[in-house]
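Chain and residue survey
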Amino acid sequence: MDRIRIRGGHPLHGAIRICGAKNAALPLMAASLLTDQTLTLTNLPHVADISTMAYLLAEVGVGIHMNGHAPGGGASGRVFELTADRVTDAMAPYDLVRKMRASVLVMGPLVARYGHARVSLPGGCAIGTRPVDLHLKALQQLGAEITLAEGYIEANAPKGLKGGNVVFPSVTVGGTENALMAATLADGETVLANAAREPEITDLAHCLVAMGAEIEGIGTGTLRVRGVKALHGAVHHVVPDRIETGTYLTAAAITGGAIELVGGRLDLIEAVVDLMTKAGVAFEPTESGFVARRADSLRGVDCMTEPFPGFPTDMQAQLMALMSIAQGASMVTETIFENRFMHVPELCRMGANINVHGASAIIRGVPRLSGAPVMATDLRASVSLVLAGLAAEGETVVNRVYHLDRGYERFEEKLSACGAEIERIRDD
């Protein structure tokens, strides 16, 4: 397995172009199943999860043409043309779905358009129980019959889906996306209450409208969808990745440098900006994005992860790495996933002072971290260890970085261009 080696202690300076959001691109790719015309997506990131979804869609018969880069898109502007005019099999097999739980997003579009879907129960990062029961209950409210057998979900609606009222008992991003896509082709009106409001869902809704869907309440917790008989093709530019943006601004802060995030949008990360500002990070808008820099000594801040517009769970590990060298004490409370503190023992190996009590972690800042060999356990945990390594004295080696490749494009190259001493060690 590949490893990443970092020699820390170098303040980062330069510019990093932000990719399109992986978590927006995945449901957008699944939305191609809703029409027999071509859906063109621009600004797709070149990461492993996008490749996995492309393989899955090709497996069911979607034609995919990769058309280089969008004009002005730079290295992050890949274009996919997806055409689902010859879908041959409404099944998503275990071998692909086990690699990435977002694969379950093909279920809603398949059952909505074809009346049937057979999708393996999903896999992905081991960060806690993330059941798909809310996805299934939502589809049942729209008239689908659901059965579970031999590790697969069978969804059937031979006469088509019917509009209905779906009240999510808790906020679910994937469940909202699956139900929203399915509702666009259902007969009648569907109301999705307590829907997730993440920017990636707003991006999906705007794309669906461009394809001919009728959706009201975009960006709110209540979505109203009037089903149409068919959707058509469209061209859609994927929203910038707010988690990648937050990760690189943390790199600037933890090393005491300044980085311009080209294409980054402050309006997508307001909760992160508010908290980071309190911690001593400054932000300055530019013509092409914004600059993040450490404006003062880092100060400890308390944080609780929440659904959007709250502080994102996908930024919790990065914040904890930053708080490890901040003055004073911090408390980070995780409310989304119960197993998302697996990076804590690895940070402690580097000299961090962190104690976990249930769903909260108390971090007491130390003057400096020390390089050490560490092990990545999931996507965001892996990047938090790299961030810690950038600030640490000596050498850090992060093992099992295949997690990192699922969500970050050209990660070492981007950091190296800003002055980081970082390299990938490829094992035979």
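Scroll up for the structure.
Anyway, here's the lowdown on the structure attached to this text. (Residues numbered from 1 in each chain as written. Predicted model: local features only at pLDDT ≥ 70, side-chain atom pairs only at ≥ 80, totals over all residues. Heavy atoms only, no water.)

**A short note on the overall build of the protein**
Quick reminder of the rule: Strands here are runs of E lasting at least two residues and helices are runs of H or I lasting at least four, both read from the DSSP assignment and numbered beginning at the N terminus. Radius of gyration: over C-alpha atoms. The globule rule applied is 2.2 Å multiplied by the number of residues raised to the 0.38 power. The cut-offs for exposure are 20% and 50% of the maximum accessible area for each residue type, with area from a 1.4 Å probe on protein chains only; residues under the lower value are buried, those over the upper are exposed, and the others partly exposed.
When its secondary structure is counted, the protein shows 14 helices and 24 strands. Over its C-alpha atoms the protein spans a radius of gyration of 21 Å, differing by no more than 12% from the 22 Å that the globule rule assigns to 428 residues. When the backbone C-alpha atoms are referred to their principal axes, the protein occupies close to 65 × 45 × 45 Å. Within the protein, the fraction of its 428 residues that count as buried is 58%.

**Concerning the side chain of Thr40**
Quick reminder of the rule: Any two residues whose heavy atoms approach within 4.5 Å at even a single point are treated as in contact.
In this fold, Thr40 is placed in strand S3 (residues 38-44). On the accessibility criterion, Thr40 (13% relative accessible area) is buried. Those residues in contact with Thr40 that lie beyond four places of it in its chain are Val79, Phe80, Glu81, Ala234, Val235 and His236.

**A few points about empty space enclosed by the protein**
Applied cut-off: Here a cavity is any set of points on a 1 Å grid over the protein atoms alone where a 1.4 Å probe fits but cannot get out, and a pocket is any open set with protein on both sides within 12 Å along at least 5 of 7 lines; a residue lines the site when it has an atom within 4 Å of a point. Grid points are joined across faces, edges and corners, and a volume is the space filled by probe spheres set on the points. Charged residues are taken to be Asp, Glu, Lys and Arg, nonpolar residues to be Ala, Val, Leu, Ile, Met, Phe, Trp, Tyr, Cys and Pro, and polar residues to be all remaining types, Gly included.
As enumerated under the stated definition, the model contains two cavities of 30 Å³ or more in all. Each pocket or cavity is described by its volume, and for the largest cavity that value is around 40 Å³. Every residue along the wall of the largest cavity is listed here: Cys19, Gly20, Lys22, Pro45, Val47, Asp241, Glu244, Gly407, Tyr408 and Glu409. In this structure, the second largest cavity spans a volume of roughly 30 Å³. Taken together, Arg7, Gly8, Gly9, His10, Leu12, Thr255, Leu390, Ala420 and Glu421 make up the full set of residues lining the second largest cavity. Its residues placed into classes, the lining of the second largest cavity shows three nonpolar, four polar and two charged.

**Focus on unusual backbone geometry**
Omega for the bond connecting Phe308 with Pro309 falls within 30 degrees of zero, at 15 degrees, which places this linkage in the cis form. Among the structural elements, Pro309 can be located in the loop between strand S18 (303-304) and helix H10 (316-323). Residues other than glycine seldom take positive phi values, yet Asn43 does so here, at roughly 70 degrees. A positive phi is found at Arg400, a non-glycine position, where the angle reads about 60 degrees. Of note, Arg400 is situated in the loop between strand S23 (395-399) and helix H13 (402-405). Under the relative-accessibility criterion, Arg400 is labelled partly exposed at 31%.

**Describing the packing of aromatic side chains**
Our working definition: Pairing of aromatic side chains requires ring centres within 6.5 Å, counting the rings of Phe and Tyr and the six-membered ring of Trp. Pairs whose planes differ by under 30 degrees are stacked, by over 60 edge-to-face, and all others tilted.
Taken as a whole and judged by the stated rule, the model has three aromatic pairs. One aromatic cluster is present, formed by Tyr248, Tyr408 and Phe411 through successive ring pairs.

**Describing the environment of Ser324**
Operational definition: What qualifies as a polar contact is a pair of N or O atoms within 3.5 Å, subject to a donor-acceptor requirement within protein and to the restriction that residues adjacent in sequence count only when both atoms come from side chains.
Within the secondary structure layout, Ser324 lies in the loop between H10 and strand S19 (329-333). Judged by relative accessible area, Ser324 falls into the buried class, the value being 0%. Between the alpha carbons of Ser324 and Arg410 there is a distance of 26 Å; along the sequence they are 86 residues apart. Here Ser324 is in contact with Leu347, Ala352, Ile354, Ile363, Arg364, Gly365, Val366 and Leu369, once residues within four sequence places are set aside. Of note is the side chain of Ser324, whose polar atom sits 2.9 Å from the backbone oxygen of Met320.

**Focus on the packing of helix H5 (residues 133-141) against helix H6 (residues 173-183)**
Helix packing geometry: the angle between the two helix axes and the distance between the axes. Our working definition: Note on definitions: angles span 0 to 180 degrees between N-to-C directions of axes, and those axes are lines fitted to C-alpha atoms, for helices only across the stretch in contact. Angle categories are assigned with fixed cut-offs, so that under 35 degrees is roughly parallel, over 145 is roughly antiparallel, 65 to 115 is roughly perpendicular, and the rest are oblique. Handedness of a crossing is defined here by the sense of rotation of the near helix relative to the far one, left-handed for an anticlockwise turn of less than a right angle and right-handed for a clockwise turn.
At a minimum axis distance of 8 Å, the contact between H5 and H6 shows a crossing angle of 25 degrees. With respect to H6, the element H5 is oriented roughly parallel. For the crossing formed where H5 meets H6, the hand is right-handed. Residues His135, Ala138 and Leu139 of H5 lie in contact with H6, whose contacting residues are Gly174, Gly175, Asn178, Ala179 and Ala182. Partitioned by chemical class, the residues of the contact of H5 with H6 number four nonpolar, four polar and no charged.

**Brief notes about the sheet that holds strand S6 (residues 91-92)**
Adjacent strands of a sheet pair through backbone hydrogen bonds, lying either parallel or antiparallel. Let me state the cut-off plainly: Here, a strand pair is defined by DSSP locating no fewer than two bridges between the strands.
Spatially, the four strands line up as an open sheet ordered S6-S7-S9-S8, and their pairing is mixed. The sheet is open, and its two borders are formed by S6 and strand S8 (145-149), each paired with just one other strand.

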